[in-house]
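Next come the chains, spelled out residue by residue.
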Amino acid sequence: MTSPVVPVVLVAEELSPAGLALLAEEFEVRQVDGTDRERLLPALADAEALIVRSGTQVDAEVFANAPTLRVVARAGVGLDNIDVEAATKAGVMVVNAPTSNIVSAAEHAVALLLACARNVPQATGALKGGEWKRSKYAGVELQDKVVGVLGLGRIGVLVAQRLAGFGVRLIAYDPYIQAARAAQIGVRLVGLEQLLRESDFVTVHLPKSPETVGIIGERELALVKPTMRIINAARGGIVDEDALAVAIKEGRVAGAAIDVFANEPCTQSPLFEFDNVVVTPHLGASTNEAQEKAGTAVARSVRLALGGEFVPDAVNVQGGAVAEDVRPGLPLAEMLGRVFTALAGHLAVRLDIEVRGEITEHDVTVLELAALKGVFTDVVEESVTYVNAPLLAGERGVEVNLTTNEESPDWRNLVTVRGTLPDGGVVSVSGTLTGPRHIARLVEVDGFEMELQPTEHMAFLTYVDRPGVVGAVGRILGEHEINIAGMQVSRNERGGRALIALTVDSAIPPVVLDEIIEAVGAFGGRVVNLT
């Protein structure tokens, strides 16, 4: 009688002892240096799971050499070193540990803020160099200062809660959180410009997206007090490093503390020239506790994946607990959630996810989770999963409802995400899957019917139906060398309200969208970037 084959888990980088112990209970654990391609690729031949951190590049070549691979796990939050698209094409699940480092990241942001306020590293360096410079490194107190928090996701909230103990006055900018929720943690919501004008300290906790890259740039830094200090322990590129360096050099910003950079590893930056700038090499998650949490989290996910169970922290292919007929709808529902958020521009007070058609013969609760994952993906700084998406909704006071109906008059199956905004307005977006390859289609936006295959870059404009609008839109995009891939026009009646839905080959910058809105007299316009 032959012994059952034990699945092989290949660990390509350092993993916590607790994580290794969990894996060893059920699997054969092998270790290899993932940065050495000549060793890594042959080791993948019979591996069913691969665990990495940030040093191992997991690309198409890896999947080509791993015929039995079922899951790649990143023992951390970021996925920059994993080609998720290639993994999906290969049918390989990708998981991470989205909440493993939130406490560490929040504490590091507070540490940077204090170090910046009291010149701790500069004074340390001077004293160790034999110089006693008490007067040069006099700092400022936090008590009664205004701290502006950019982004009230989980890390932003943790930072605000910790800073409250210092007697600061907390304000925040986050269009995707309700004022009542902010008030519960002692934070007053304000607009971005108001936050910049009032704050003595600004701490950044936004996700990195096309909308947030460079959100603190030359124009924004011109609004701040000359005594303002800025902390970025979120993502590189959200603060324009060159603009910040100029503002510090000209005395328009008092100091900065930066843990993340637009290009990493970063060993040269104009910010390094200034004594009033504190820098660290992306240490937000670098604690023993965070690494321990990451190791055990991915070990549990690997056990679920190889056991054919539903994996809450999967970012692409889902586990076996989802019915085969439902599984293709997961990326569709997630995409609809992201489009909804881009169109709404604010967080809804109520979200209704409606599923219609033959698919409702199965349990479609997971489609609600997928839609929520999409709703929050681009508005919080932490990774969003099927586990924390409902928690994020609850924390923000969003009422979520799932309804199903086996009747679907126009489409075999239909998924709708409909949200009621704080001002009473309603935004809706619907989609379906067509053909044997389950091609996604947007079929409704705010009551306007269409059939448009979504792409990475889209735009939606509402206006009064009249001749010449389509030509004006095309002309302006052409002048800015933005190529239109697809366009649909829908209207409720002749001469009534109309909608243009566009897919384009490259992102439409905000200034170009504003130019189009002004040129055609649009009621509103939104760009959607699904990168």
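Our structure is the block above this text.
Below is a short write-up of the structure. Keep in mind the model is a prediction, meaning the values are calculated, not measured.

What the chain contains, in helices and strands, is 17 helices and 22 strands. Taken against the 2.2 N^0.38 rule, which gives 24 Å for 531 residues, the C-alpha radius of gyration of the chain at 25 Å falls within 12% of a compact globule. Overall, the chain is about 80 × 80 × 45 Å in size when its C-alpha atoms are taken along their principal axes. Among the 531 residues that make up the chain, the fraction classed as buried is 52%.

Attention shifts here to the sheet that holds strand β5 (residues 93-95). Strand-to-strand pairing in sheets goes through backbone hydrogen bonds, with the strands running parallel or antiparallel. Taking strand neighbours across the sheet as the criterion, the 5 strands line up as β2-β1-β3-β4-β5 in an open arrangement whose pairing is parallel. Either end of the sheet is taken by a strand with one partner, and the two such strands are β2 (28-31) and β5. On average, each strand axis in the sheet is tilted by 20° relative to the strand beside it, whichever way the strands run. Judged from the 4 bridges that link them, strand β1 (residues 8-11) and strand β3 (residues 47-52) form a sheet pairing that is parallel. Pairing of valine 9 across the sheet is with alanine 49, part of β3. Those strands touched by helix α12 (residues 288-306) are β1, β3, β4 (71-74) and β5, and its axis lies near 170° from that of β4.

In this section: the environment of valine 62. Relative to the elements of secondary structure, valine 62 occurs in helix α3 (residues 60-64). Looking at valine 62, the relative accessible area reads 0%, which means it is buried. Each C-alpha atom, one on valine 62 and one on isoleucine 51, is 13 Å from the other, the two residues being 11 residues apart in sequence.

When the charged atoms of two side chains with opposite charge come close together, those side chains can pair. Inspection of the entire model under this criterion finds 25 salt bridges. Between arginine 303 and glutamate 25 there is a salt bridge, with the nearest N and O atoms lying 3.4 Å from each other. With arginine 303 in helix α12 and glutamate 25 in the loop between α1 (17-24) and β2, the pair connects residues that are 278 residues apart, well separated along the chain. Classification of arginine 303 as partly exposed rests on a relative accessible area of 24%. Since its relative accessible area comes to 57%, glutamate 25 is described here as exposed. Of the charged contacts, one joins arginine 154 and glutamate 395 as a salt bridge, the two residues approaching to 3.9 Å between their closest N and O atoms. Taken together, the positions of arginine 154 in helix α7 (residues 154-164) and glutamate 395 in helix α15 (residues 388-395) put the pair 241 residues apart, joining distant regions of the chain. Through salt bridges with shared partners, a single ionic network connects Glu193, Arg197, Arg219 and Glu220.

A few words on a negative patch on the surface. Negative charge collects at one region of the surface, where Asp325, Glu361, Glu406 and Glu407 lie side by side. We classify glutamate 407 as exposed; its relative accessible area is 53%.

It is generally the case that most residues other than glycine have a negative phi and that most peptide bonds are trans. Cis geometry marks the peptide bond from glutamate 264 to proline 265, where omega comes out at 0°. Looking at where proline 265 falls in the secondary structure, it is placed in the loop between β11 (255-258) and β12 (277-279). Even without being a glycine, histidine 282 presents a positive backbone phi close to 55°. Structurally, histidine 282 can be placed in the loop between β12 and α12.

What follows deals with empty space enclosed by the protein. Enumeration according to the criterion identifies 1 cavity of 30 Å³ or more in this entry. For the largest cavity, the calculated volume is near 40 Å³. Grouping the constituent residues of the lining of the largest cavity by class yields 5 nonpolar, 3 polar and 1 charged.

What follows concerns the layout of surface pockets. If you add up the space inside the second largest pocket, you get close to 1,000 Å³. Around the second largest pocket, the lining comprises 36 residues; the ones closest to its centre are Tyr176, Glu211, Thr212, Pro510 and Arg526. When contributions to the lining of the second largest pocket are tallied by element, the ones reaching two or more residues are α13 (329-344), α17 (510-520) and β22 (524-529). Of all the elements, β22 adds the most residues to the lining of the second largest pocket, at 5 residues. Among the residues making up the lining of the second largest pocket, the classes are represented as 20 nonpolar, 9 polar and 7 charged.

Right, let's talk about the sheet that holds strand β7 (residues 169-173) for a bit. Spatially, β8-β7-β6-β9-β10-β11-β12 is the arrangement adopted by the 7 strands of the open sheet, whose pairing is parallel. Where the open sheet ends on each side, the last strands, each with one partner, are β8 (188-189) and β12. Of the pairings in the sheet, the one linking strand β6 (residues 146-150) to β7 comprises 5 bridges and is parallel in character. The partner of valine 149 across the bridge, within β7, is alanine 172.

For the rest of this paragraph, the subject is α1. Restricting attention to buried positions, one finds in α1 the residues Gly19, Leu22 and Leu23. The buried residues of α1 occupy an angular sector of 95° when the element is viewed end-on, so they sit on one face. In this fold, the buried residues of α1 make contact with β1, β2, β3 and α12.

Turning next to the pairing of β11. The alternating pattern of β11 places Gly255 and Ala257 and Ala256 and Ile258 on opposite faces, both of which are buried. Two elements, strand β10 (residues 229-232) and β11, share 4 bridges in a ladder whose sense is parallel. Counted as the bridge partner of isoleucine 231 is alanine 257 from β11. The β-α-β motif built from β10, the intervening helix α11 (residues 241-249) and the parallel element β11 has right-handed crossover chirality. Where β11 and β12 come together, 3 bridges link them in parallel fashion. Pairing of alanine 256 across the sheet is with valine 277, part of β12.

A few words now on the nonpolar core. If you look at the biggest cluster of nonpolar residues, it comprises 51 residues, and the most contacted ones within it are Phe340, Leu351, Leu367, Phe376 and Phe460. For this core, the leading source of residues is α13, giving 10 residues. Residue contacts for leucine 351: discarding those within four places in its chain leaves Phe340, Leu372, Val375, Val398, Glu399, Val400, Asn401, Val417, Arg418 and Gly419.

To continue, consider the side chain of asparagine 81. Counting through the fold element by element, asparagine 81 comes out in the loop between β4 and α4 (84-89). Only 2.8 Å separates the side chain of asparagine 81 from the backbone oxygen of arginine 53, close enough to count as a polar contact. Those residues in contact with asparagine 81 that sit more than four places away from it in its chain are Val52, Arg53, Ser54, Gly55, Thr56, Gln57, Val58 and Arg74.

Calculation notes
- Residues numbered from 1 in each chain as written.
- Predicted model: local features only at pLDDT ≥ 70, side-chain atom pairs only at ≥ 80, totals over all residues.
- Heavy atoms only, no water.
- Helix = DSSP H or I, 4+ residues; strand = E, 2+ residues; numbered from the N terminus.
- Rg over C-alpha atoms; globule rule 2.2 N^0.38 Å.
- Buried < 20%, exposed > 50% of the residue type's maximum accessible area, 1.4 Å probe, protein only.
- Pairing = 2+ DSSP bridges.
- Axes fitted to C-alpha atoms, helices over the stretch in contact; angles between N-to-C directions.
- Contact = heavy atoms within 4.5 Å.
- Salt bridge = Lys/Arg side-chain N within 4 Å of Asp/Glu carboxyl O.
- Patch = residues over 30% accessible without salt bridge, like charges linked within 9 Å, V, L, I, M, F, W, Y side chains within 5 Å.
- Areas by Shrake-Rupley, 256 points an atom, 1.4 Å probe, with all protein chains shown as cover.
- Lys, Arg positive; Asp, Glu negative; His and termini not counted.
- Charge placed at Lys NZ, Arg CZ, Asp CG, Glu CD.
- 1 Å grid on protein atoms, 1.4 Å probe; cavity = no way out; pocket = protein on both sides within 12 Å on 5 of 7 lines; lining within 4 Å.
- Points joined across faces, edges and corners; volume = space filled by probe spheres on them.
- Nonpolar A, V, L, I, M, F, W, Y, C, P; charged D, E, K, R; others polar.
- Arc of directions from axis to C-beta.
- Right-handed = clockwise from strand over helix to strand, strands pointing away.
- Core = buried A, V, L, I, M, F, W, Y, C linked by side-chain atoms within 4.5 Å.
- Polar contact = N/O pair within 3.5 Å; in protein donor to acceptor, adjacent residues only side chain to side chain.

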